[in-house]
Amino acid sequence: MRPGRNRGWLLRLVIAFSFAQGAVSMARPAVSYRALALGADERAIGVIAGVYALLPLFAAVPLGRRTDQGRCAPLLPVGVVLIAGGCALSGLANSLVTMAVWSGVMGLGHLSFVIGAQSLVARQSAPHEHDRNFGHFTIGASLGQLIGPIAAGALIGGPDMARTSALALVVAGAGAAVAFTSLWRIERPVDPESRTEQGERVPVHRILRTRGVPGGILISLAVLSATDILTAYLPVVGEDRGIAPSVIGLLLSLRAAATIACRLVMTPMLRWLGRTALLTVTCVLGAVLCAGIAVPVPVWALALMLAALGFCLGVGQPLSMTTVVHAAPDEARSTALALRLTGNRLGQVAAPAAAGLVAGVAGVAAPFVMLGALLLVSSGIALRSPVAPVGESGGTERPAGRPGGKERSAGRRGSRIGAVLSRKRDI
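Residues numbered from 1 in each chain as written. Predicted model: local features only at pLDDT ≥ 70, side-chain atom pairs only at ≥ 80, totals over all residues. Heavy atoms only, no water.

Remarks on the overall build of the protein
Going by this rule: Put simply, DSSP H or I for four residues or longer makes a helix, DSSP E for two residues or longer makes a strand, and each gets a number counted from the N terminus. The cut-offs for exposure are 20% and 50% of the maximum accessible area for each residue type, with area from a 1.4 Å probe on protein chains only; residues under the lower value are buried, those over the upper are exposed, and the others partly exposed. Any two residues having at least one pair of non-hydrogen atoms within 4.5 Å are treated as being in contact. Surface exposure here means Shrake-Rupley accessible area, sampled with a 1.4 Å probe, where a residue is shielded only by the protein chains that are shown.
Looking only at helices and strands, the protein features 15 helices and two strands. Counting all 427 residues of the protein, 60% fall into the buried class. Sequence separation of 24 or more characterises 84% of the internal contacts of the protein that already satisfy a separation of 6 or more. About 15,800 Å² of surface is accessible on the protein, with carbon and sulfur atoms providing 67% of the total.

Have a look at this one:
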């Protein structure tokens, strides 16, 4: 079947991702509240949040290599099992060390699911559909980020914070398991003969030196670090300012809703501004809004800032996926996506640890100033790595400087679609 036809698989993938991401988004603030109830301080919260990314840091590239050489779908149920188990067992843990371990398992499951899912989108989409399909795919993440914090806020509270946060984690594990219902026959059959055509592996250093890949990785790192620390540290800010957990959950969900709105209008924004300007503008605005969270403002003003911030942060992830996929060699796209996720996990290890140190020295709101600086740097990276549009509206773009023009773009698009048909495993 030609890439781009029959997108029922994409809808099922979005549904599955919504449940998996919803469980993680419900568990992350629940882990913070449970750790606080067990006596953790700001530094310990930062360490636990960092361990979530530590195990995936070493697993991303091997999983990407495996996916380049075979099927994507097997990683999806494995990821769901690890997410569900990590969530539920975090709720049953009674020590900060044990919670950190199961948080790492949950992170490994999330990484497995995301590598398999992103590779599936790259493999089963035509090149000019990548921006749109990656945008739709990340709506699943945003839906999960919308529902998860609301569910966590509804369950967590009262005098026994340890018990209610544990309940929220167990419920999150059960919610992750629902993702199994959407994973049947999600990957198209791969021609067995195509596996015999496998060539040599592309070295990691060659992938990282490809123009467009480092910029996509760094922008993704900055945007995800902002989202991750926002999820982990907004509950701490709420505790410091006397904001109830249910309100914090609503605020986090408002941010996710704004991200969904952003991705629904991604195509017209790309047509209007282009990828470079869109990435640069949203990163600059995101930097200002992140720094604004450090200011003690009323809840309604905080809500407005989080809504605007969610809209700005919604741009970086799908466009960085497309940038990496189109820049990477055809036979190493899953590995390139895995390297992007490795960068994300490096950010998730380093940023929470740095945020914990900053919070311990300068107060609980200081990490958001740090995030503002990180997003400002990413805006400079986006501006220094311009891309030139090719293809259809909202469609394919390539790093600037590559040979092109409309005729060559059309020819290259046709040749790449042919490559997809003849070598599905390569994407």
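So, the side chain of Thr-335
Locating Thr-335 in the fold gives a position in helix H13 (residues 333–362). Note on Thr-335: relative accessible area 1%, which makes it buried. Other than its neighbours up to four places away in sequence, Thr-335 contacts Val-61, Gly-64, Arg-65, Asp-68 and Ile-207.

Section: the pattern of salt bridges
Oppositely charged side chains can form a pair if their charged atoms are brought close together. Selection rule: One speaks of a salt bridge when a side-chain nitrogen belonging to Lys or Arg is within 4 Å of a carboxyl oxygen belonging to Asp or Glu.
According to the stated counting rule, one finds one salt bridge in the structure shown. As a salt-bridge pair, Arg-163 and Asp-160 come within 3.8 Å of each other at their nearest N and O atoms. Classification of Arg-163 as exposed rests on a relative accessible area of 51%. Its relative accessible area of 36% is what places Asp-160 among the partly exposed residues.

Here we look at the packing of aromatic side chains
Using the following cut-off: Centre distance within 6.5 Å is the pairing criterion for rings of Phe, Tyr and Trp, where only the six-membered ring of Trp is used; planes under 30 degrees apart are then read as stacked, over 60 as edge-to-face, and the remainder as tilted.
If you walk through the whole model with that rule in mind, you get two aromatic pairs. Pairing Phe-17 with Phe-113 gives two aromatic rings, centres 5.7 Å apart and planes at 20°, and the pair type is stacked. Linking Phe-17 in helix H1 (residues 8–37) with Phe-113 in helix H4 (residues 96–124), this pair joins segments that are 96 residues apart in sequence. Their ring planes at 10° and their centres at 4.7 Å tell us that Phe-17 and Phe-137 sit as a pair that is stacked. Highlighted residues: Phe-17 in helix H1 and Phe-137 in helix H5 (residues 130–155), separated in sequence by 120 residues. Overall, Phe-17 belongs to the buried group, its relative accessible area being 4%.

Section: the nonpolar core
What counts, and what does not: Side-chain atoms within 4.5 Å are what join buried Ala, Val, Leu, Ile, Met, Phe, Trp, Tyr and Cys residues into a set we call a nonpolar core.
If you look at the biggest cluster of nonpolar residues, it comprises 103 residues, and the most contacted ones within it are Leu-13, Phe-113 and Phe-137. With 14 residues, the top contributor of residues to this core is H1. Counting ten residues, the second largest nonpolar core, distinct from the first, contains Ile-207, Val-324, Ala-332 and Leu-339.

Focus on the side chain of Ser-182
Relative to the elements of secondary structure, Ser-182 occurs in the loop between helix H6 (161–177) and helix H7 (204–209). Here Ser-182 is in contact with Arg-12, Ile-15 and Ala-16, once residues within four sequence places are set aside.

Describing the packing of helix H8 (residues 213–241) against helix H12 (residues 299–327)
Rule in force here: Comment: axis = line fitted to C-alpha atoms, over the contacting stretch for helices; angle = value between 0 and 180 degrees taken between N-to-C directions. For any helix crossing, the convention is left-handed if the near helix is rotated counterclockwise from the far helix by under a right angle, and right-handed if that rotation is clockwise. Think of it as three bins: nonpolar holds Ala, Val, Leu, Ile, Met, Phe, Trp, Tyr, Cys and Pro, charged holds Asp, Glu, Lys and Arg, and polar takes everything else, Gly as well.
Packing of H8 against H12 leaves a shortest axis separation of 8 Å and a crossing angle of 145°. Both H8 and H12 take part in a crossing whose hand is left-handed. Across from Val-213, Gly-216, Ile-217, Ser-220, Val-223, Leu-224, Ala-226, Thr-227, Leu-230 and Leu-234 in H8, the residues of H12 making contact are Leu-306, Leu-309, Leu-313, Gly-316, Gln-317, Ser-320, Val-324 and Ala-327. Looking at the contact of H8 with H12 residue by residue, the class counts come to twelve nonpolar, six polar and no charged.

Focus on a nonpolar patch on the surface
Let me state the cut-off plainly: Residues enter patches when their relative accessible area tops 30% and they take part in no salt bridge; the joining distance is 9 Å for like charges and 5 Å for the nonpolar side chains Val, Leu, Ile, Met, Phe, Trp and Tyr.
Among the surface-exposed residues, Leu-11, Ile-15, Phe-19 and Val-178 lie close enough to one another that they form a single nonpolar patch of about 320 Å² accessible area. With respect to the secondary-structure elements, Phe-19 resides in helix H1. Looking at Phe-19, the relative accessible area reads 35%, which means it is partly exposed.

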